[in-house]
Each structure stands twice: as C-alpha cells, then as structure tokens.
Amino acid sequence: MSSGEMEDFMQNTNKALNVFRENRKEYYTRQPYPFKLSGEYLSCSLPVRMAKLLLEITEKSQARILENELIVGWQSYMIYPLLSKPEYLLAENEITKIESETGIFTVWQGLYREEREEGLTTIDYEKGHIIVDYEKVLKQGFSGIKKEIEKRLEGEEDREKSDYGKALMICCNAAIKLGEKYSAHAQEISRTEKDENRKRTLRQISEVCGKVPREPAASFWEALQSVWFTQLLLNVENAVGATSFGRMDQYLFPYYQADRDKGVSEDHLKALLFSFLTKICYYLDFTFESNMPITIGGTDDTGKDATNQLTWWFLEFIEQYKLPEPKITLRVHRHTPEDLLHYAARILGLGTGSPQLVNDDYIIPMLKDLGLSHTDASDYGMVGCTGPSAVKGRELGWESGGGFINLAKILELTLHKIRVPPENFSQLLALYKEEIRGFLDSFIGKINIIDRHLPMIYPTPFQSSLMEHCIENLADMGSGCVPYNFTHYPGAGIANVANSLLAVKKIVFEEKKISLLEFIAILKNNFKGQEKLREYILHRLPRFGNDEEEVDGLAAEIAAYYLGEVRRHRNGRNGFCRGGIASYTHNVILGEKTGALPDGRKQGEPLSQGFAPSQGTDRTSPTATINSVAGVTRTAGPTNVAFTFTFPPYFFKNEEMASKVSALLKAYFAQGGMQIQVNVIDLEALKAAIKEPDKHSSLVVRVCGYSAYFVDLPQKLQKEIISRYEYD
C-alpha cells in the first residue's frame, strides 16, 4: 500500500465511521441466538451441547463484510448466560437434578432477592475476565490445536473427559468453519465488485481467511485476522466475559517485523492494524463498550522497556479517530520513554479518556505477592476495567464474580443496628469492621457454592481450549485446572466511608455537637431540617482527596482491612479471593439503594466513583488528589484500583501544559499509584449535549473503566459524570 493508498484508506475509514456514529445503535444489539432445546442436543453432554451450539451459530450466521475493511468478521448472536437462564441448554429434569445436588439456583436467586435488592452488592456474574492464549492460535492454528486434543484423547477411558475432549474438537471445527465461511464470501462478492483495487483486496481477504484461523499465521494480516476470528467466537460463547486481547503490541510484533523484512510497507501494515481496531468500535454491547481491552507498552521479564513501533501505532489510532473504543491501556514504568509518556498525555487531552495508564513498578510486585511467577507477573495484561491478569491462558480471574461490594451500605447498616452507642470512635470502627467481616463470610460462602458447581451448568469449551492445562486435563477452565485461580470482590464507596467516619469522629466524639443516636436519626430522616449541619459537614470537615492525613488515614485503614478480609477467603476453585477498590458504573446503582450517610450525601445519590474522591469534594489541587489516592494505595497494601481523574480542557491547551500533565502522572506513579484514567470535561458541552443530543452525538467521555458516547449513556449516569469535580 502506497502513501496515497494509505491516505485513501484513512479517508474511507473516516467516512465509514461517520456513518457508524450516526447509526451506531443498530450495532449495539447482540441478540441471544434463537434456539430451542431438542432431542438432538439432549442426547449430548452439556459441554458437547455448548460446542455444537457454537458451531451451529457459526454456520447459520450471515457473513458480513463492510465497505473498505481489511479485517473481516461479524457475529450478531450470543449464547444466553446459562446461570440466569439454565433452560436454554438444560432440560427441566436436568435442572431439578443439579439443584437437588448443589442448590446452585436457589443460592443464585437468593442473592438476587436479598443482597442485590438491599443494595449490598451488584451480584455481577461474569465467567471470564481472562486473556486466552492468542499466541497459541497464531503459532499452531486450530488445526494444530485439534491435533493436540486428538493426541490427548488417545486411550482415554473416562467418559466425562472423552466428552469434554469431543466438545473441544467441535469448537476447533467452529473456528475453522468461520474462516472458511468468510473466505468463500469474500471470493463471492469480489466477482461483482467494480472497483479493481477493492476487487484485489477482497481476493486477498479470501486468501487470508482461507488459511486462518485454521493454520498458523505467517504474516501480520493473517495474525490480525486470526486473533479477530478467535475473539468473535469467545464473545459468542460468553457474551459478558470481558475477554481481553492481552499485550497485542508484543505478540504481534514478530509478524510486523517479518513483513517489514520482506519489504511490506509501513503504510500497509498500519492500515491493517487500524482496520482491526476499527472493528472493535462496531462491536459494542448493551453497556456501550466492547469489553475487549488491549494492553500495550511496559517491560519484559528482565525489566527492559518493551516499547516498539506497534505501541506508537495503537496510540496514533486514538489520536487519528477520537473514538470511545478500543479500550487501550498503556503500561508505564520508571524507564518509560519520555516522548511516549508525553505523547500519551497529549492524546488524553483529546477527551476520549484513552489510554488508561497503569504502573508496572506497582503491579508486577503485587502480582508476585499473589503467587504469580516473575515471568507471568512481568507479562501481565489488563482485563475488564482495571484488573491486571496473567496472559496466555494462565489465569482465571473472575469465574463467578460476587460483584461490587457496597462498603457504604455496610456502614449504613452498622449505624442503624446500634441501640447502645459505643463509648468511643475506636469501638464504632470495630463495629463497622465486624459488620464487613460478617458480610464477607456469608456472601463469599454463597458465591463459592456457585463457583464450585458452575461447570455443571455453564461449561465454556471454546474458552477452555485456549486456557492452559484444560486440554491436558480434558476439563473446563472453571474446574480449577488453570494455573492461577482468583475471584475478585471490588469494594465501592470508599471515599464516602472515609468521609463519613471522619464526620462521626469529629461531630459526635470530639466536638460533641450531637450524640450518635441523634446523628443516626438525622440520617434516617435524610437530613430533613438539618441543612446547617449538612453544610458544615460538606464544607468545613476534611474530605478524602485533598491530601489531609486524618481522613486519608481512615480510607487507608478501611481499605487495608477490607482487602485483608477478602484475601482471607479461598474461592470455590481452590484458588484465592482478591479485593480491590472500584465501582464501574455501579456507584450510581448502589447509591440508589443506599440511605443518607454521615458525609452529607443524601439518600439515593451516587456513591463515590472507584477510588476517586466523592463528587465535588476534591477542592484543593490535582497534586493533592493524586497524593491522597497514591498514599492510600501505597498504605493499604497491594490491590487493583480504579481511579478516574478529571481535568478541564485548558490543561491541554499547548505542549507546555501537556508536559505538566505528563509530569503530574509521573509523580503519581512514583508515589506508588497503581492506575489512572483521565477525563477531560467541558461542563458546558455536557450540559448542552443533554439538551440537544443530536448536535453532540460524537462527544466522548471516560465513564469509568471504559469510554462511551455521552449522549448514549443513561441520564442518571450523565448527571453523575457532570457532578464530578473540575479544577478552576
């Protein structure tokens, strides 16, 4: 591809993306596959049913190649999450038998009725948050993986294992079929294509798809196409799994370099990568995100900087197209090239919220502390929003995640249970900690029942075919055979809790303005008639996020206690439970079910977002805020956090200001900050977008662990984003 052809490609892609922006809601819908359980399926084991259904969807879905694209593949169907709707693939008598043996459905429904409805947690179920072994696909192809399964099945007498092996084989056939299907379709439409350049491209697409993902990839084009086909099937089998692409700049680089050595132009290779990244934008789900994170940059296992040409191209794509997707994370460390970090800071000023930045110098030791080898810890990628994970199918981090734990609600319940007031603040703090411990003991025990028995009702053989030890053991990844098994329990509302505890400490125990029981009565009445007291709390007391030792110390103490209590538990796969400080968008949902809090927050208002200060309370400076967050992260102990930081646009008005932002980010990470995602918000533009959404359809904001078009978000979430603080 010449530079002129590259320019044409960019222009045409921009035109296609403009069409997408105007009509994007038609792309947001992926429907459960219309399937009726019949005798043919009932005669098979559940893993084989799942594999056969994946193959059926692949065969019956219509092939679709969009204008101008180089990387192809589209899936509009998904398999219904089986925990929520087991009758999709299980007969009534099978459901009854499983329930009588495990109680899994009663536990699940009970969690929904009780803990979720009470606002204690979101009860998020996601069988995933993983990074499969894409390199295995690229090096072996599914024909090679199929041969590996065939060899393992030789002499196998265990019927259950043989059945699972059969399911794995069918999944490989589905992947091979998908490539062949698109190869034939590209060849067919090339016959009627009038533009000679596009006709030639379609024939090349046909040739590529005729080879991958069946065979190993030998070129950059083949590698990208093979990874995309694999990702499509992963998202059909597990629609909400947040399956990450891992460190794409690292495992794709050998194919880039080989093509360059053969004389393939940089423009052509960049066009291929940009076509791949554009595909992700078309594959959004009901949360307005693709749930397909990409990790770039970072170090290798010797500590050497691993930046390469592709690292720069991923960032360039963000700059060129200014889209909410893909969800790109840049790993940084003390030796990250200055020009790369400055470029990332400048791109953040565009307002798309991308890239997210994470700190190798914090995360690698954290993962080693959790039991990962140095090599695996050094090679981590990001899954979901802010979770670091081993790559190459070596970690299952969220088999049946318990959701986001509402630490603020637990504090509310602690206060409302008090009949005889504690004598001092230390006793109150002990009561709160006891309530956290009791809730986690009960809740994690219930989740472990689901975790332990989930493969009985929700096997994922395609995912498992690309997870380590699953072929060797002929077992589902949910059986516990993957090297690292974790279950995550992020805590939400930490800033509200710290501010609330500080308010009680000051007003009740030190200043003795009112008694604890009087304060609790005021909260139950939602501060009605107590605006003077509420104003005092909101504007006179220290607030987390302003580098104030006392309130930051409370945040650190509660975070450390919560993380320690979570880690005390094992999960249902003989692995460990991991805590975190994050909320996704659930700070709005959980806030709706949380009463008034001592920090001045009224009933039903959103909780603080992730590890950020409560909305509008970081009133000192950007430096003070990062000092608070980094200090608590460092003090509370190793964990993953979600910290969204908001800047006004003028912070990026020129290179000098962008350099200051870059320096601020470096200072944050040098203090031990784990992660940061940046929002650049023009409040007036957001308010105008609410009034006239059609005129602001391309306005992008960072929501939490992802970015989205502002006008597509629910109104409650729009208001919460507007309420986040901006520095004058």
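Predicted model, so just to flag it, every value in this text is computed and none were measured.

Peer 1: Would you mind going over the packing of helix α21 (residues 494-510) against helix α24 (residues 549-567) with me for this structure?
Peer 2: When two helices pack together, their arrangement is given by the angle between the helix axes and the distance between those axes. Running from N to C, α21 and α24 point in directions that differ by 120°, and their axes come no closer than 9 Å. Taken as axis vectors, α21 and α24 run oblique relative to one another. As for how α21 packs across α24, the hand of that crossing is right-handed. Here I494, V497, A498, N499, L501, L502, K505, K506 and E510 of α21 come into contact with α24, specifically with E550, V551, L554, A555, I558 and A559. Class assignment for the residues of the contact of α21 with α24 results in ten nonpolar, one polar and four charged.

Peer 1: Whenever I open this one, helix α5 (residues 104-116) confuses me. Can you help?
Peer 2: Along α5, the sharpest change in direction is near 25° and occurs at G110. Within α5, the full set of buried residues consists of I104, F105, V107, W108, G110, L111 and E115. Where α5 is buried, its residues touch α4 (92-102) and α18 (425-453).

Peer 1: Hey, could you run me through the pattern of salt bridges in this one?
Peer 2: Working definition: two side chains of opposite charge can pair if their charged atoms are close together. Tallying each qualifying case throughout the model produces 40 salt bridges. Residue D361 is joined to R334 by a salt bridge in which the shortest nitrogen-to-oxygen separation is 3.6 Å. Separated by 27 residues along the polypeptide, D361 in helix α15 (residues 360-369) and R334 in the loop between β5 (328-332) and α14 (338-348) bring together distant segments of the chain. Put simply, E435 and K417 hold a salt bridge, and the shortest N to O gap is 2.5 Å. Separated by 18 residues along the polypeptide, E435 in helix α18 and K417 in helix α17 (residues 407-417) bring together distant segments of the chain. Among the charged side chains, a network of salt bridges with common partners joins E135, K139, R247, D379 and K392.

Peer 1: Explanation requested: the side chain of R601 in the structure shown.
Peer 2: You can see R601 is positioned in the loop between α25 (586-592) and α26 (622-636). For R601, which is buried and forms no salt bridge, the nearest opposite charge comes from E605, at a distance of 5.3 Å. In this structure the side chain of R601 is engaged in a polar contact, spanning 3.0 Å, whose partner is the backbone oxygen of T594. Apart from residues lying up to four places away in sequence, R601 is in contact with N496, F527, G591, T594, G595, A596, P606 and L607.

Peer 1: Is there a simple way to think about the sheet that holds strand β15 (residues 675-680) in this case?
Peer 2: Strand pairing in a sheet is mediated by backbone hydrogen bonds. Such pairs are either parallel or antiparallel. What the six strands build is an open sheet, ordered β3-β4-β5-β6-β15-β14; its pairing is mixed. Edge strands, defined here as strands with exactly one partner in the open sheet, are β3 (246-247) and β14 (644-647). As paired strands, strand β4 (residues 294-297) and β5 are joined by four bridges and run parallel to one another. Following the sheet pairing, G297 is matched in β5 by R331. Of the strands in this sheet, β4 and β5 touch helix α13 (residues 309-321), which is tilted by about 125° from β4.

Peer 1: Before we go on, may I ask you to explain the pairing of β5 in this structure?
Peer 2: The side chains of a regular strand alternate, first on one face of the sheet and then on the other. For β5, a buried count of five out of five residues is recorded, marking the element as mostly surrounded by other parts of the structure. Where burial is concerned, the two faces of β5 agree: the one with I328, L330 and V332 and the one with T329 and R331 are both buried. In terms of handedness, the path from β4 via α13 over to β5 forms a crossover that is right-handed. Where β5 meets strand β6 (residues 356-359), four bridges bridge the pair, whose relative direction is parallel. Each bridged residue has a counterpart across the sheet, and for V332 the counterpart in β6 is N359. You can see the chain leave β5, run along α14 and come back into β6, and the turn it takes is right-handed.

Peer 1: I would appreciate a short explanation of unusual backbone geometry in the present structure.
Peer 2: Excluding glycine, residues mostly have negative phi values, and the peptide bonds linking residues are mostly trans. E325 connects to P326 through a cis peptide bond whose omega is 0°. Within the element layout of this structure, P326 appears in the loop between α13 and β5. Residues S354 and P355 are joined by a peptide bond in cis, for which omega reads 5°. We note that K322 has phi near 55°; this positive angle belongs to a residue other than glycine. Overall, K322 belongs to the partly exposed group, its relative accessible area being 40%. One non-glycine residue, L474, lies in positive phi territory at about 45°.

Peer 1: Sorry if this is basic, but what is going on with the nonpolar core here?
Peer 2: In a soluble, globular protein the nonpolar side chains are often hidden away together inside. Ranked by size, the top nonpolar core spans 246 residues in total, and within it F220, F245, M248 and F276 carry the most contacts. For this core, the leading source of residues is helix α7 (residues 159-190), giving 13 residues. Here F245 is in contact with I131, Y134, V227, W228, Q231, Y251, F276, I280, M292, P293 and I294, once residues within four sequence places are set aside.

Peer 1: Explain the packing of aromatic side chains to me, please; I cannot follow it from the model alone.
Peer 2: By convention here, two paired aromatic rings are described through the distance between centres and the angle between planes. A complete count under the given rule lists 27 aromatic pairs for this structure. Ring centres of F443 and Y489 lie 6.2 Å apart, and the angle between their planes is 80°; this geometry places the pair in the edge-to-face category. Here Y489 lies in strand β11 (residues 484-492) and F443 lies in helix α18, a separation of 46 residues in the sequence. The class for F443 is buried, based on a relative accessible area of 0%. Taking 5.6 Å as the distance between ring centres and 90° as the angle between the ring planes, the aromatic pair formed by F647 and F652 counts as edge-to-face. By relative accessible area, F647 is classed as buried at 1%. A relative accessible area of 13% places F652 in the buried class. Clustering of aromatic rings is evident, with ring pairs tying together F643, F645, F647, Y650, F651, F652, Y668 and F669.

Peer 1: Is there a simple way to think about the pairing of β11 in this case?
Peer 2: Across the nine residues of β11, nine count as buried, placing the element largely inside the fold. Burial of the side chains of β11 extends over both faces: Y484, F486, H488, P490 and A492 are buried on one face and N485, T487, Y489 and G491 on the other. Bridge count for strand β9 (residues 395-396) against β11 is two bridges, and the pairing is parallel. By the bridge assignment, E395 is partnered in β11 with Y484. Sheet analysis places strand β10 (residues 405-406) next to β11, joined by two bridges and oriented parallel.

Calculation notes
- Sequence order as written defines residue numbering, which begins from 1 separately in each chain.
- Side-chain atom pairs in this predicted model are given and counted only at pLDDT of 80 or more, local residue features only at pLDDT of at least 70, and totals for whole chains, interfaces and linings cover all residues.
- Only hydrogens and water are removed before side-chain values are computed, so all heavy atoms of the structure are retained for them.
- Orientation is described by lines fitted to C-alpha atoms, with helices fitted over the stretch in contact, and by angles between N-to-C directions that extend from 0 to 180 degrees.
- The helix count covers DSSP runs of H or I at least four residues long, the strand count covers runs of E at least two residues long, and both are numbered beginning at the N terminus.
- Here the angle decides the label: under 35 degrees means roughly parallel, over 145 means roughly antiparallel, 65 to 115 means roughly perpendicular, and every other value means oblique.
- Handedness of a crossing follows from how the near helix is turned relative to the far one, being left-handed for an anticlockwise turn of less than a right angle and right-handed for a clockwise one.
- In what follows, a contact means two residues having at least one pair of non-hydrogen atoms within 4.5 Å.
- Residue polarity follows a fixed list, in which Ala, Val, Leu, Ile, Met, Phe, Trp, Tyr, Cys and Pro are nonpolar, Asp, Glu, Lys and Arg are charged, and the others, Gly among them, are polar.
- Bend at a given residue is defined as the angle between two axes, one fitted to the seven residues that end at that position and one fitted to the seven that begin there.
- Only protein chains enter the accessibility calculation, which uses a 1.4 Å probe; a residue is then buried when its area is under 20% of its type maximum, exposed when over 50%, and partly exposed in between.
- By definition here, a salt bridge exists when the distance from a side-chain nitrogen of Lys or Arg to a carboxyl oxygen of Asp or Glu is within 4 Å.
- When charges are counted, Lys and Arg are positive and Asp and Glu negative, with His and the chain ends excluded.
- Two N or O atoms form a polar contact when they lie within 3.5 Å of each other; inside protein one atom must be a possible hydrogen donor and the other a possible acceptor, and for residues adjacent in sequence the pair counts only when both atoms belong to side chains.
- For two strands to count as paired, DSSP must find a minimum of two bridges between them.
- By definition, the crossover connecting two strands over a helix is right-handed if that path, from the first strand to the second, turns clockwise as seen with the strands pointing away from the viewer.
- Think of a nonpolar core as a cluster: buried Ala, Val, Leu, Ile, Met, Phe, Trp, Tyr and Cys residues, connected wherever their side-chain atoms sit within 4.5 Å.
- Note on ring pairs: Phe, Tyr and Trp rings are taken, using the six-membered ring of Trp, and paired if centres are within 6.5 Å. Classes follow the plane angle, with under 30 degrees stacked, over 60 edge-to-face and the rest tilted.

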